[in-house]
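For reference, the chains in residue letters:
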Amino acid sequence: MSDYGHDLEFGLFPTPDAARPHRVLELATLAEVSGLDLVSVQDHPYQARHLDAWTLLSVIAARTSTVRVALNVANLPLRNPVVLARSAASLDLLTGGRVELGLGTGAFWDAIEAAGGTRLTPGEAVTALEEAIAITRALWAGEGSVRVNGEHHRARGLHSGPAPAHPMGIWVGAYKPRMLRLTGRLADGWLPSQGYAAPETLAPMNARIDEAALAAGRSPEAVRRLYNVSGTFGSGAGFLRGQPRTWAEQLAELTLEQGMATYILATDDPDDVRRFGDEVAPAVRELVAAERARRATQPSDAVARDAVATSPSRVEASASSVEPSAGAPRVSSGAPAGGRENRPVVTPTPDDGRRLTGILPWDEASRPTYPRRADAQEQAGYGPAQLAVPQHLIDVHNHLRSELTQLRDVVDQVVRGHLQVGAARSAVNAMTMRQNNWTLGAYCESYCRIVTGHHSLEDAAIFPHLRAQDPDARPVIDRLEEEHEVIHDVLDDVDRALVALVADEPGALDRLRHVVDLLTDTLLSHLAYEERELLHPLARHGMTR
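A brief structural summary. None of the values given here were measured: they were computed from a predicted structure.

**With respect to the packing of helix 1 (residues 21-33) against helix 2 (residues 53-63)**
- The contact between helix 1 and helix 2 brings their axes to 10 Å, and the two run at 45 degrees. With respect to helix 2, the axis of helix 1 lies oblique. Of the two elements, helix 1 crosses helix 2, and the hand of that crossing is right-handed. For the pair formed by helix 1 and helix 2, the contact residues are V24, L25 and A28 on the first element and L56, V59, I60 and R63 on the second.
- Grouping the amino acids of the contact of helix 1 with helix 2 by side-chain chemistry returns six nonpolar, no polar and one charged.

**A closer look at unusual backbone geometry**
- The omega torsion across N72 and V73 is 0 degrees, close enough to zero to call that bond cis.
- Counting through the fold element by element, V73 comes out in the loop between strand 3 (68-71) and strand 4 (74-75).
- In the segment running from G161 into P162, the intervening peptide bond is cis, with an omega of 0 degrees.
- With respect to the helices and strands, P162 occurs in the loop between strand 7 (154-159) and strand 8 (170-172).
- Here F108, not a glycine, exhibits a phi torsion of approximately 55 degrees, which is positive.
- For F108, the position within the fold is in the loop between strand 5 (99-104) and helix 4 (109-114).
- Exposure remark for F108: the relative accessible area of 53% places this residue in the exposed category.
- Look at L240: it is not a glycine, yet its phi comes out positive at around 55 degrees.

**Brief notes about the pattern of salt bridges**
- Within this structure, the stated rule accounts for 31 salt bridges.
- A salt bridge links E249 to R245; the nearest nitrogen and oxygen atoms lie 2.8 Å apart. Taken as a pair, E249 and R245 lie in helix 8 (residues 244-258) at a separation of four residues, close to a single helical turn.
- Of the charged contacts in the structure, one is a salt bridge between D478 and R467, with a shortest N-O distance of 2.9 Å. Pair noted here: D478 is in helix 14 (residues 474-502) and R467 is in helix 13 (residues 427-469), with a separation of 11 residues, a long-range link.
- On the basis of relative accessible area, D478 is assigned to the partly exposed category, the value being 36%.
- Residue classification places R467 among the partly exposed residues on the basis of a relative accessible area of 22%.
- Shared partners join several salt bridges into a network, and the residues in it are D351, R355, E364, R367, R479 and E483.

**Digging into the layout of surface pockets**
- Space inside the second largest pocket adds up to approximately 1000 Å³.
- Looking at the lining of the second largest pocket, the elements with two or more residues in it are strand 4, helix 5 (122-141), helix 6 (177-186) and strand 10 (224-229).
- Top element by residues in the lining of the second largest pocket is helix 5. It accounts for three residues.
- By residue class, the composition of the lining of the second largest pocket is 18 nonpolar, 14 polar and three charged.

**Re the packing of helix 3 (residues 81-94) against helix 5**
- Contact pair helix 3 / helix 5: the axes reach a minimum separation of 9 Å and the direction vectors enclose 45 degrees. What the angle tells us is that helix 3 and helix 5 run oblique. Regarding helix 3 and helix 5, the two cross each other, and that crossing is right-handed. Contact residues: helix 3 offers P81, V82, A85, R86, A88 and A89, while helix 5 offers A132, I135, T136, L139 and W140.

Definitions and limits used
Residues numbered from 1 in each chain as written. Predicted model: local features only at pLDDT ≥ 70, side-chain atom pairs only at ≥ 80, totals over all residues. Heavy atoms only, no water. Axes fitted to C-alpha atoms, helices over the stretch in contact; angles between N-to-C directions. Helix = DSSP H or I, 4+ residues; strand = E, 2+ residues; numbered from the N terminus. Parallel < 35°, antiparallel > 145°, perpendicular 65-115°, else oblique. Left-handed = near helix turned anticlockwise from the far one by under 90°. Contact = heavy atoms within 4.5 Å. Nonpolar A, V, L, I, M, F, W, Y, C, P; charged D, E, K, R; others polar. Buried < 20%, exposed > 50% of the residue type's maximum accessible area, 1.4 Å probe, protein only. Salt bridge = Lys/Arg side-chain N within 4 Å of Asp/Glu carboxyl O. 1 Å grid on protein atoms, 1.4 Å probe; cavity = no way out; pocket = protein on both sides within 12 Å on 5 of 7 lines; lining within 4 Å. Points joined across faces, edges and corners; volume = space filled by probe spheres on them.

Here it is as structure tokens:
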């Protein structure tokens, strides 16, 4: 078992088709709307049917605001490492830290030579890659001068800089032993493709990377494990063949047993992008989080015993997309009474009482409460692994709050756009408003699905478990389930308002603003209540049997 504890990420790998450039941009935008983290493109500068990779990445970065972009991977024989490193750093600065750099030794040497590159032997290509990494890191340092006198790449007294906006990762596409050892020694990420490294072949490759990392004085966790994947939704058997739930179980198993943590889907199908972002990614996150929490509460020998027998399919999946800590909770430190040493404390998110609509569809004063307090003294009896469970709930809720903030921002942008257009409804403005409406609809639809998925997990697995284990929690759980039904009614209202907006019905935008405000009021009230009242039951009994 090699779960390195990395946060999960999901990305898109579209074809940079020069014959359909706008489709590539639409897919990238859809990836962002669907909640994906990354858009990457292949780099074959000799290929006339492909858009230039750096030009395409720059436009994608300008059209989006949250997804990161990366070459998957750079064709180093045709990309001077000095220019490549400075291009990556410049785009990272321009995008506020949304660029990563994938590097490869090159392939298709006849085409490389035809484009003016130099044919290298496999050994020479690996040496050239190592030299390029040295030049890149020295340039990104942003201070001093760069002196690398390599066989294939050189920099002699070049001024370092510019430094990128964030610690940019270098991901290496590697398969053979020497490249895997280089990855373990020098890279921030390993980026193989399913077509060249099937799931059953990953373990020995991972082991070689780990050995090289340890020999170089690095931790194996320093190397993120990424994976370019492809598959088919629907019926069928095999890896990534079938329904989204099947995909989620298979990817979760790869994370828990092989340490893969970034999954990049190669597809040009918009429906596949939506399913991957809206259904697969949240479910994988929930499966992995639940199993990590379970392992954190087990003695180390029990975890080792169960590693082979445990399948992610035994853990309930949902569509809440958040990644909690792998062990102890990310919590504040409190000082219990009686002079005891500081212990971790989980802090439920307080309800500030502000309401956008001035109304709530339930009476907050009538809510039942759990008979134990949630202060530091009461929590002192729990260990870090126990507190990791309620902290996971707060992590999930914080993600829902963050996504709700983003949704509200998109609503505000659409409202401002409509107001600015006003009566001047030119054909261009009308088209822009329709595009904004559809984009807003996609955001709302995705968010509503995530909330529904999270509540479905609680109703189907967590609440029945707590109700059976803790009679004192039953009144609270009954009330939480009732509030789920109310929130689902509000989500239905959001859906109806979206339909009216897309149909351009009179007053639809005002109606949508109101129901999103009502969703904000009900959801934030509900999340704060749930965190406060379930802290002790979750710490005592966990999430599932």
